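# Understanding the architecture of this molecule
Chain by chain, the residues:
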Protein chains: 2
Amino acid sequence: MKRLTILLLLSLAAIAQAATNQRAVVTEFADFLAIPNLASDAPNIARNAAAIQAMFAKRGASTRLLTLDGAPPIVVVDIPAPGATRTIAFYAHYDGQPVDPKQWQTPPWTPVMRDAAGNDVDWRNAATLNPEWRLYARSAGDDKAPIIAMAAALDAMRDSGRKPTVNLRFVFEGEEEAGSPHLAAYLEKYPDVLRPDAWILCDGPVHQSRRMQLVFGARGVVDLEITVYGPVKGLHDGHYGNWVPNPIIRLTHLIDSMRDETGRILIAHFYDDVKPSSAVEQDAIAKMPPVEADLKREFGIAATESDNLNESLMRPALNARGIQSGHIGAQASNTLQTEATASLDFRLVPAETPESIRKLVEQHIESQGYTIVRSTPDTATRLAHPKIAKLTWGAGYPPARTPLDLPLSQQIAAIMTTAGHAPVRVPTLGGSIPMYLFQQPANTPVLILPIANHDDNQHAANENIRLQNLWDGIEVYVGLFEGLR
Amino acid sequence: MKRLTILLLLSLAAIAQAATNQRAVVTEFADFLAIPNLASDAPNIARNAAAIQAMFAKRGASTRLLTLDGAPPIVVVDIPAPGATRTIAFYAHYDGQPVDPKQWQTPPWTPVMRDAAGNDVDWRNAATLNPEWRLYARSAGDDKAPIIAMAAALDAMRDSGRKPTVNLRFVFEGEEEAGSPHLAAYLEKYPDVLRPDAWILCDGPVHQSRRMQLVFGARGVVDLEITVYGPVKGLHDGHYGNWVPNPIIRLTHLIDSMRDETGRILIAHFYDDVKPSSAVEQDAIAKMPPVEADLKREFGIAATESDNLNESLMRPALNARGIQSGHIGAQASNTLQTEATASLDFRLVPAETPESIRKLVEQHIESQGYTIVRSTPDTATRLAHPKIAKLTWGAGYPPARTPLDLPLSQQIAAIMTTAGHAPVRVPTLGGSIPMYLFQQPANTPVLILPIANHDDNQHAANENIRLQNLWDGIEVYVGLFEGLR
């Protein structure tokens, strides 16, 4: 009995210690998430970078800022292994997507813990932290979670007395959600720092089955804003509604000419450059856990645009993400609007590029009778052309894929399996990260290892991280930091 | 020489007197326009009604308020003619369309005078008022101008010592821009007051040629808000964009299934109830001054949806007046939206009714695979139906027409011609006023006689009245008040 009591006491002590450690991680994370992090918000971006440097300096790592005029700094953290010849870099980004605070249950940069039922939780005073609780804040999942998890993994290694056998380098970007406009210039300016022997990109969510995943590619992306025009001033739609062109109607027809309701892109030659999936990729997709039924329930949808989610991500996509003209609801008025605007993005797969699809899209828009302009047309321009479309393209970047059977992939998968997190192997992420930049020019191995929950509302309101995903991420990072050779 | 000097002095005195009178009218009008007048803004609606009563009481007319619970009051002004047996009613409305102050050059309820070049004018201290100057404010044209013009016409009659030979009754409604939801109830509650021998409805703009017009009909109207749905929460459009239904794409396809880019409505049987134009109507249309070339220049459009503006107004119209989902510009994010909403209106011609077209529209939407709901669907409803459209119909009302060759039409046209304003005869107004209510049940003659400039930006930002239109309106009202038998 005495021995059992001692064991129980030890066990309770371990539990208490674990809860204390977890609370310390979440406390540090909440402070980090409280710093607003739009890439365009230079003062707060600087505060984020300083917070990251302090976070890792506290743990004895050497840190530095890479800088470029007009760009958020890249924070670099080095954990050298004495005698090691290889350097493995782990990437994450500390900036977040724009927010619409009206859509958030609580302000986006005021972290709040909620239980699975959505009730607020007083986690600072709770005996233990339920792993199903979630911390809500912009970038809780995308992409500050990996940063805090790497810091916590270093603590665990310190506590266990173990050391890495390869040089570890953490690289944290500050403008990924703005399309990484300076990443290429950074890679060119700092080749010594940013040309490691391999990259592990820590971004995106885990598999929807909640299993961790190892991802071998990412779709490219380029966004496009289209504005089409009606009269130069708002007109009474009763007096002119059948005669003056309606810009909303023009825009809906233009969008529909580009994409159908099944996701099929109708732009001529759009699929000409698309490489078919390889046999290895098809096999990996076939082995991925089925998630469609659960996702449909979770998303509240009775039907989907296409049959197989994973196959659909191997294809390019045209997404309409915003459309605006005039007003709805109580603000609606009987006005023939002056213009209508849609924000689109294209997700690209090998071997498409932003340049290749831009040409096809513009040819298509011209084929619909439009004259393309790059700035708001004046009246003379409007009088000269029956249909005018103002196009504003984002920076964008091409897709990338890494072979599924690379030696490094097998080593990482083995470490994850040993840590209890055998990964789902995914040929490509549906979302976009600038993976191609890391690969070039030396064809450096690049893999993606996400830790955030798939239902983290990334890019949307009420973004969150599920605590268990944070703990899983820390475990996997400890395994990699100690086990990579 | 002495005689010429006296004449010149007399002439200058007359000019000075005219300028003084005009300034007094504009001063009184500007005070009236400074009162906000959304139909839903009960306190300010009451202030408007009180201001109108004071305006006419000052001129010795008897005034009263007709009231109904929850409705803006109707202001009634009576100018009886001793011994007269006929009562001719003049209608206008004192409420205005909703405003988006961001779109206005100056605040909508702070009247500002500008010259033809758009420069502010210090009209209170100008020697004379240039008739091309415009007073900018919500309802300057639609529809407070007729109210102030009627008051000024009474002043002119008083100055000339002339009296009406029919009883004149002015009837001013306070919720026309909200769709006149209580007008039918008012007409039923106050039959003695609101069943005159004829109606002259003073709303809408003059002909685009700047000639005054006499209008014999108005299109009906009914508005419809449609919301279609995507996932129950915003999703990353890279991860799910080819698989989860995109509500923007659904909405654009639904709108396009209903209307093409030439204004043609594609809903089955939509034109079955439409009566073809009569020979008299076609003749009147043929005699209307051509305005298309000028309007295209004014509106900055190189092409139109259909060939002939006046013919197009004889047909029903489907107008898209607002569309909203997600964000554009700097606020755009890579989010698959939860819903997309469009605000539409239908303009109706005899013998369509809101009820008849509502049935056709809903059959059409169902034929596109949609389940129609009347309130926001819960998750169970979303999971049960692949495509859901929430429809919210406005009140609306049917169209109306009055025969072109009615005796009253000829009398009014003759008076206008004598006053120097020979009217363009228009079979129907493109816009909608609830003319049918005034006709029923006794087939009372109803004509529309607008005074506002055609380019007054009614319903839109920077609404205005051109001063010459105000003076023309006063002249015509004086002629009618003195000359109607």
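Please refer to the structure higher up on the page.
In short, a report on the structure. Residue positions are counted from 1 within each chain, in the order its sequence is given. Chain labels run from A onward and ligand labels from 1 onward, assigned in the order the entries are written. Whole-chain, interface and lining totals are the exception, using all residues; otherwise, since this is a predicted model, local features are given only for residues with pLDDT of at least 70 and side-chain atom pairs are given and counted only at 80 or more. Only heavy atoms go into the side-chain values, all of them from the structure, while hydrogens and water stay out.

### Observations regarding the side chain of A:R321
Residue and element names in this part refer to chain A. What counts as a helix is a DSSP run of H or I of at least four residues, what counts as a strand is a run of E of at least two, and both are numbered from the N terminus. Within the fold, R321 resides in strand β12 (residues 317-326). Think of it in three bands: with a 1.4 Å probe and only protein chains considered, a residue is buried below 20% of the maximum accessible area for its type, exposed above 50%, and partly exposed in between. Residue class for R321 comes out buried when judged on its relative accessible area of 6%. A polar atom in the side chain of R321 sits 2.8 Å from the side chain of S343. Polar contact criterion, stated in full: a pair of N or O atoms within 3.5 Å, where within protein one must be able to donate a hydrogen and the other to accept it, and residues adjacent in sequence count only if both atoms are side-chain atoms.

### Some points on the relation of the copies chain A and chain B
We superpose the copies by least squares over the C-alpha atoms of residues that have a pLDDT of at least 70 in both of them. By a simple turn and slide, chain A fits onto chain B: the slide is 0.0 Å along the axis, the RMSD is 0.0 Å, and the turn is 180 degrees. Interpreted geometrically, this transformation is the action of a two-fold axis. The overlap is high: 100% of the interface residues of chain A also sit at the interface in chain B, so the same surface is used on both sides. Throughout, a residue-residue contact means that at least one pair of heavy atoms, one from each residue, lies within 4.5 Å.

### Considering the layout of surface pockets
It is the rolling of a water-molecule-sized probe over the atoms that shows where space remains empty. Residue and element names in this part refer to chain A. Taken as a whole, the largest pocket holds about 820 Å³ of empty space. The wall of the largest pocket is formed by 44 residues, among which Q97, E177, A178, G179 and D223 lie closest to the centre. Elements with a minimum of two residues in the lining of the largest pocket: β10 (220-229), β14 (339-348) and β16 (388-393). Residue contributions to the lining of the largest pocket peak at five residues, all from β10. The way it works is a 1 Å grid over only the protein atoms, where trapped points that fit a 1.4 Å probe form a cavity and open points with protein on both sides within 12 Å along at least five of seven lines form a pocket, and then any residue with an atom within 4 Å of a point lines it. Grid points are joined across faces, edges and corners, and a volume is the space filled by probe spheres set on the points.

### A short note on the packing of aromatic side chains
What counts as a ring pair is set by centres within 6.5 Å for rings of Phe, Tyr and Trp (its six-membered ring), and what kind of pair is set by the plane angle: stacked under 30 degrees, edge-to-face over 60, tilted for all other angles. Scanning the entire structure with this criterion turns up 32 aromatic pairs over all chains. On the numbers, 5.6 Å between centres and 65 degrees between planes, the contact of A:F56 with A:F170 is edge-to-face. Linking A:F56 in helix α2 (residues 42-57) with A:F170 in strand β6 (residues 167-173), this pair joins segments that are 114 residues apart in sequence. For the pair A:F56 and A:F170, a shared accessibility class is recorded, and that class is buried. Aromatic pair A:F90 and A:F481: ring centres 5.1 Å apart, planes at 85 degrees, arrangement edge-to-face. A residue pair is termed long-range when its members are at least 10 positions apart, and A:F90 in strand β3 (residues 87-93) and A:F481 in helix α15 (residues 467-483) qualify at 391 residues. Just as A:F90 is buried, A:F481 falls in that class too. Joined through ring pairs, the aromatic side chains of A:F56, A:F90, A:F170, A:F172, A:Y477 and A:F481 make up one cluster. Note on geometry: a ring has a charge over it if NZ (lysine) or CZ (arginine) is within 6 Å of the ring centre and within 35 degrees of the ring normal. Against the face of A:Y136 rests A:R114, its NZ or CZ located 4.4 Å from the ring centre. Positioned above the aromatic ring of B:F32, the side-chain terminus of B:K144 is 4.4 Å from the ring centre.

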